[in-house]
Amino acid sequence: MLAIEIDKLVKQYKNGVRALDELSLKVSCGEIFSLLGPNGAGKSSLINILTTFYNPTSGNITMLGKDLCKNPEWIRTQIACVAQRVSIDEHLSLMENMIFQSRLYKVDNTTAKKRINTLIDSFELSQYLRHPVASYSGGIKRRLDIAMNMVSYPQILFLDEPTVGMDISSRKAMWEIMRKVRDDFKTTIFLTTHYLEEADQLSDTICIMKEGHELAQGMPGSLRQYTRQNILHIGFSDTEKAKDCAEALAKIHMLPSMSIRENSIFADAVDGRKTFEDVNKWLLEKNVPFEAIEIVQPSLEDVFLKVTGTERR
Ligand SMILES: Nc1ncnc2c1ncn2[C@@H]1O[C@H](COP(=O)(O)OP(=O)(O)OP(=O)(O)O)[C@@H](O)[C@H]1O
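Bear in mind that the values here come from a model prediction, so they are computed numbers and not experimental data.

With that settled, consider helix α11 (residues 300–307). Most of α11 is tucked away, with six of its eight residues classed as buried. Every buried residue of α11 is accounted for by Leu 300, Asp 302, Val 303, Phe 304, Leu 305 and Val 307. Of the residues trailing α11, Gly 309 is marked for its positive phi of about 75°.

Have a look at this one:
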């Protein structure tokens, strides 16, 4: 069974903005599904509809086998949503926050106790039990927020930019939590993110959207085929050398689209092997001090920029 099936969904606000424009997508049960898109693509509008806050203008949504618009109350008992702003009450203890959430979802006391202990254990929160919630770091507060939202054992967990503003080690710890939610609790995760690396590392399926509709959808590996071409990578010992070389290459129009990231030039390898041979020959002839030249697979960032029509410069 699909967790979510969306067919030609339209959301037009009263001011005339068409935030969702015949969007269609499918989310399988038990997967981590990431929604990517530039600002204003319609991600929040979609989450607000899927979590029953907004009504769609037209289109069909089936969630866990039922029509969302006809069964919003039932759907609400099956899902949980962790918004960007943490919803924990800093005047309550960790345990009180968890109990409060279990009461909201009408989980009976015995079941709630068992679930809370399992979640505290699974999310490695026991060491924080004795400390006031207000003293927790942003990452731990976010972890508690997700644990609280898991007390109802939702079938689908919506996460709106779950790692925004976190440093890389907190972000990686959060990825582990999300994998646990999927693997140990069999919960489907639907998340939005601006971090392409996060979507790449974490997701079973990614959907890239822009201007209210989907542009590409698939497993991270299969999305790489969207660019239909490999990338030429030329490495240097420092950024200045990369910039000098890119300027010289631009003058002779050898590579149509180039960008510099750290100490490297990345360019579309239009003719694959021939591009590689031509550039390699030119670098050697001109005595350019490069350190490496290779053809690499496109990254998810390359795919994102390609399908959303943004050129990296
Ligand atoms: N309540 C609203 N009323 C009118 N227009 C809205 C409303 N909410 C969103 N919009 C508009 O709908 C479009 C999509 O916005 P939305 O917030 O869904 O995109 P987003 O992908 O979540 O963007 P971001 O990544 O910046 O959060 C934008 O043009 C936005 O201005």
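One finds Leu 94, Met 98, Phe 123, Leu 125 and Leu 144 to be the most contacted residues of the largest nonpolar core, which totals 33 residues. Listed by contribution, the elements that provide at least two residues to this core are β6 (79–82), α3 (94–104), α4 (109–122), α5 (138–149), β7 (156–160), α6 (168–185) and β8 (188–192). With six residues, the top contributor of residues to this core is α6. Those residues within four positions of Leu 125 in sequence are excluded, and the remaining contacts are Leu 94, Ile 120, Ile 140, Arg 143, Leu 144 and Ala 147. Counting residues in hydrophobic clusters, the runner-up holds 26 residues, among them Ile 6, Ile 47, Met 63 and Ile 75.

What follows concerns the packing of α3 against α4. The contact between α3 and α4 brings their axes to 10 Å, and the two run at 135°. With respect to each other, α3 and α4 are oriented oblique. Both α3 and α4 take part in a crossing whose hand is right-handed. Residues Leu 94, Met 95, Met 98, Ile 99, Ser 102 and Arg 103 of α3 touch α4, and the partners they reach there are Asn 109, Ala 112, Ile 116, Asn 117, Leu 119 and Ile 120. Per-class residue counts for the contact of α3 with α4 are eight nonpolar, three polar and one charged.

Rules and cut-offs
Each residue is numbered by its place in its chain's sequence as written, counting from 1. Under the rules for a predicted model, residues below a pLDDT of 70 receive no local features and side-chain atom pairs below 80 are neither given nor counted, while totals for whole chains, interfaces and linings still include all residues. The side-chain numbers reported here are obtained from all heavy atoms of the structure, hydrogens and water having been left aside. The buried label applies to any residue whose accessible area, calculated with a 1.4 Å probe on protein chains only, is under 20% of its type's maximum; exposed applies above 50%, and partly exposed to all values in between. By definition, any uninterrupted DSSP run of H or I lasting at least four residues is a helix, any uninterrupted run of E lasting at least two residues is a strand, and each is numbered from the N terminus. Residue types Ala, Val, Leu, Ile, Met, Phe, Trp, Tyr and Cys, when buried and joined through side-chain atoms within 4.5 Å, form a set referred to as a nonpolar core. Contact criterion: two residues are considered in contact whenever any of their non-hydrogen atoms come within 4.5 Å of each other. The angle between two axes is taken between their N-to-C directions and runs from 0 to 180 degrees, where each axis is a line fitted to C-alpha atoms and a helix contributes only its stretch in contact. Working definition: roughly parallel below 35 degrees, roughly antiparallel above 145 degrees, roughly perpendicular at 65 to 115 degrees, and oblique for all remaining angles. The crossing is said to be left-handed when, going from far helix to near helix, the turn is anticlockwise and less than a right angle, and right-handed when the turn is clockwise. Note on residue categories: nonpolar means Ala, Val, Leu, Ile, Met, Phe, Trp, Tyr, Cys or Pro, charged means Asp, Glu, Lys or Arg, and polar means any other residue, Gly included.

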